[in-house]
Amino acid sequence: MLKIDRRLISYFDWITFAIVFFICILGILTIYSATRPPLDEGEQPPFYVKQLIWLAIATLTLIAFVTFDYIKLKNFWLIFYIIGILLLIIVLFTGKTAMGAKRWINLGFFSFQPSEVFKIIFIISISAFLEDKQSPLSIKDTLKALLIFGIIPFSLIIKQPDLGTAVLLFAITFIMIIYKGLPVRLLILLLSIFIISIFFLWEILWEGLKEYQKNRLIAFIDPSIDPKGIGYNIMQSVITVGSGGLFGKGFLEGTQGPLKFLPERHTDFIFPIFAEEWGFIGCFILLTLYFTLFIRCWKTSIIAKDEFGKLLSIGFTSIFVLYFFINIGMTLGIMPVVGIPLPFMSYGGTTLVANFIGIALVINVRMRRFELFYP
């Protein structure tokens, strides 16, 4: 039986939880609308029902993760990290292949995506690693962090292949290092090495990409080059967003989803479906909810009682913000399509639970900001 100090209940961040839960409900309604059969013909796919079940599981998981002191996590970060790396290795050999990628481990009654689980392990591990390091970081500690949390996970995840998640985790490694503190000279040196490497290794990197990844980059540069082929997703997404106008067509009145003009309409491209039905006004409200959530998570990193809590909060805030901007950007055609879901809205059980764990740990940090810290 999980127990929690009753005094902490009064510090529970109900506002953050309510925002997240409301976004999830909007997501489920949009999933229902996007996957409904046209003209009420045929059987409704069970995606929205499954997402409701996952929302219940995610909520219970959130409750579980706020009932213990988050500081205890840093004592086990190395074990967590090893388990996470092993999961990434296992999926390369025994993972289930779908849409040309081997990203899921099938347990029979359900499949889960190790890279989503690794996101949580990654933030906990890098936060614990950086917590007791001097600020600004030394060259030795910086290189260690880049190797352990940047290069190794990147190399494994890119082989699935999951370019979007791999690049994001590498980017968050940089964000966490810079947040901890990095000498300006070292920062300039690292950025210079990175830019020069991209310049000289671009041909090798390009040859290493899968054909569909190359097509996504070409489509991003000029989607009109093949509007019925590689540019189809982006062009249909932009059309769907624009068709919503100011007030939208209304709930269950959208056509792009049920008529299947827009691919991946309940996962990566769920935002255009929402925009079509709720219009500019609805999108403005949704974006306001997201920005309020981001600000509250960021504020938690400021008021946290210890360095580990600050790093945890800024890490999860970075994940949510980057996922949000990349997803919205790719649906509007201003960023390449990289298969990044919209947090809390897109269909996906593992992703939803992982995001709820992230929010739970941020709330955990906020709840315990008045407690005395015993190292």
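Just so it is clear, the structure is predicted and the values come from calculations on it, not from any experiment.

Chemist: I keep staring at the overall build of the chain and nothing clicks. Help me out?
Modeler: Regarding its fold elements, the chain presents 13 helices and 3 strands. Residues classed as buried in the chain amount to 50% of the 375 residues present. When the accessible surface of the chain is split by element, carbon and sulfur atoms take 71% of a total near 18200 Å².

Chemist: Is there a simple way to explain the side chain of Arg296 in this structure?
Modeler: Relative to the assigned elements, Arg296 resides in helix 11 (residues 270-303). If sequence neighbours within four positions are ignored, Arg296 has contacts with Asp13, Ile15, Thr16, Ile19 and Arg366.

Chemist: Before we go on, may I ask you to explain the nonpolar core in this structure?
Modeler: Where a protein is soluble and globular, its nonpolar side chains tend to be buried together. Grouped together as the largest cluster of nonpolar side chains are 85 residues, with contacts concentrated most on Phe344, Met345, Phe356 and Ile359. The dominant element in this core, judged by the number of residues it contributes, is helix 13 (residues 349-367), at 12 residues. Contact partners of Ile359, with chain neighbours within four places excluded, come to Thr16, Val20, Leu62, Leu293, Cys297, Phe320 and Phe344. Counting residues in each nonpolar core, the second largest holds 7 residues, with Ile234, Phe269, Ile273 and Met330 among its members.

Chemist: What is the right way to read the packing of helix 2 (residues 14-35) against helix 11 from this model?
Modeler: A pair of packed helices can be characterised by two numbers: the angle between their axes and the separation between those axes. Across the interface, helix 2 lies against helix 11 with an axial gap of 10 Å and an inter-helix angle of 165 degrees. Overall, the two elements helix 2 and helix 11 adopt an arrangement that is roughly antiparallel. You can see that helix 2 and helix 11 cross each other, and the crossing is left-handed. Each of Ile15, Thr16, Ile19, Val20, Phe22, Ile23, Leu26, Gly27, Thr30, Ile31, Ser33 and Ala34 in helix 2 lies in contact with helix 11, whose residues at this interface are Ile270, Ile273, Phe274, Glu277, Leu286, Leu289, Tyr290, Thr292, Leu293 and Arg296. Split into classes, the residues belonging to the contact of helix 2 with helix 11 amount to 15 nonpolar, 5 polar and 2 charged.

Chemist: Can you help me understand the pattern of salt bridges in this one?
Modeler: Close approach of charged atoms allows side chains of opposite charge to pair. All chains considered together, the criterion is met by 8 salt bridges. Between Glu131 and Lys74 there is a salt bridge; the shortest N-O distance is 3.3 Å. Here Lys74 lies in the loop between helix 3 (47-65) and helix 4 (77-94) and Glu131 lies in helix 5 (residues 114-131), a separation of 57 residues in the sequence. The exposure classification of Glu131 matches that of Lys74, with both residues buried.

Chemist: Can you walk me through the side chain of Ser33 in this structure?
Modeler: Looking at where Ser33 falls in the secondary structure, it is placed in helix 2. Its relative accessible area of 0% is what places Ser33 among the buried residues. There is a polar contact of 2.3 Å between the side chain of Ser33 and the side chain of Glu277. Once you skip the residues sitting within four places of it in the chain, Ser33 turns out to touch Phe251, Leu252, Pro258 and Glu277.

Chemist: It is not clear to me how the packing of aromatic side chains should be interpreted in this structure. Could you clarify?
Modeler: Between two aromatic rings, the relevant description is the distance of the centres plus the angle of the planes. If you walk through the whole model with that rule in mind, you get 29 aromatic pairs. Measuring from ring centre to ring centre gives 6.0 Å for Tyr290 and Phe294, while their planes differ by 40 degrees; the resulting arrangement is tilted. Pair noted here: Tyr290 and Phe294 are both in helix 11, with a separation of 4 residues, about one helical turn. Summarising the burial analysis for this pair, Tyr290 and Phe294 share the class buried. Seen from their ring centres, Phe324 and Phe325 are 5.2 Å apart, and the 80 degrees between their planes marks the pair as edge-to-face. One aromatic cluster is present, built from ring pairs that chain together Trp77, Tyr81, Phe118, Phe122, Phe129 and Phe149.

Chemist: Mind showing me how you'd approach the packing of helix 5 against helix 7 (residues 163-180) here?
Modeler: Packing of helix 5 against helix 7 brings their axes to within 11 Å, and their N-to-C directions diverge by 20 degrees. Relative to helix 7, the element helix 5 is oriented roughly parallel. Crossing hand, helix 5 versus helix 7: right-handed. Residue-level inspection shows Ser115, Phe118, Lys119, Phe122, Ile123, Ile126, Ser127, Leu130 and Glu131 of helix 5 in contact with helix 7, the latter providing Thr165, Leu169, Ile172, Thr173, Met176, Ile177 and Lys180. Among the residues forming the contact of helix 5 with helix 7, the class breakdown is 9 nonpolar, 4 polar and 3 charged.

Chemist: Any chance you could explain helix 6 (residues 139-157) here in plain terms?
Modeler: Working note: α-helix, 3.6 residues per turn, so residues spaced by three or four point in the same direction. With 19 residues, helix 6 should reach 27 Å at 1.5 Å per residue; the first-to-last C-alpha distance of 26 Å fits that figure. At Leu147, helix 6 is bent by approximately 35 degrees, the largest bend along its length. For helix 6, every residue scored as buried is listed here: Asp141, Thr142, Ala145, Leu146, Phe149, Gly150, Pro153, Leu156 and Ile157.

Chemist: It is not clear to me how unusual backbone geometry should be interpreted in this structure. Could you clarify?
Modeler: Comment: phi is negative for the bulk of residues other than glycine, and the bulk of peptide bonds are trans. Of the consecutive residues Ser135 and Pro136, the connecting peptide bond is found in the cis state with omega at 0 degrees. With respect to the secondary-structure elements, Pro136 resides in the loop between helix 5 and helix 6. With phi around 50 degrees, Glu264 is a residue other than glycine that occupies positive phi space. Within the secondary structure, Glu264 sits in the loop between helix 10 (232-243) and helix 11. Of note, the phi angle at Phe344 is positive, near 75 degrees, even though the residue is not glycine. Relative to the elements of secondary structure, Phe344 occurs in the loop between helix 12 (307-331) and helix 13. Assessed through its relative accessible area of 3%, Phe344 is described here as buried.

Conventions we followed
Residues numbered from 1 in each chain as written. Predicted model: local features only at pLDDT ≥ 70, side-chain atom pairs only at ≥ 80, totals over all residues. Heavy atoms only, no water. Helix = DSSP H or I, 4+ residues; strand = E, 2+ residues; numbered from the N terminus. Buried < 20%, exposed > 50% of the residue type's maximum accessible area, 1.4 Å probe, protein only. Areas by Shrake-Rupley, 256 points an atom, 1.4 Å probe, with all protein chains shown as cover. Contact = heavy atoms within 4.5 Å. Core = buried A, V, L, I, M, F, W, Y, C linked by side-chain atoms within 4.5 Å. Axes fitted to C-alpha atoms, helices over the stretch in contact; angles between N-to-C directions. Parallel < 35°, antiparallel > 145°, perpendicular 65-115°, else oblique. Left-handed = near helix turned anticlockwise from the far one by under 90°. Nonpolar A, V, L, I, M, F, W, Y, C, P; charged D, E, K, R; others polar. Salt bridge = Lys/Arg side-chain N within 4 Å of Asp/Glu carboxyl O. Polar contact = N/O pair within 3.5 Å; in protein donor to acceptor, adjacent residues only side chain to side chain. Phe/Tyr/Trp six-rings, centres within 6.5 Å; stacked < 30°, edge-to-face > 60°. Expected span 1.5 Å × (residues − 1). Bend = angle between axes of the 7 residues up to and from the residue.

Honestly, it's all geometry; don't read function into it.
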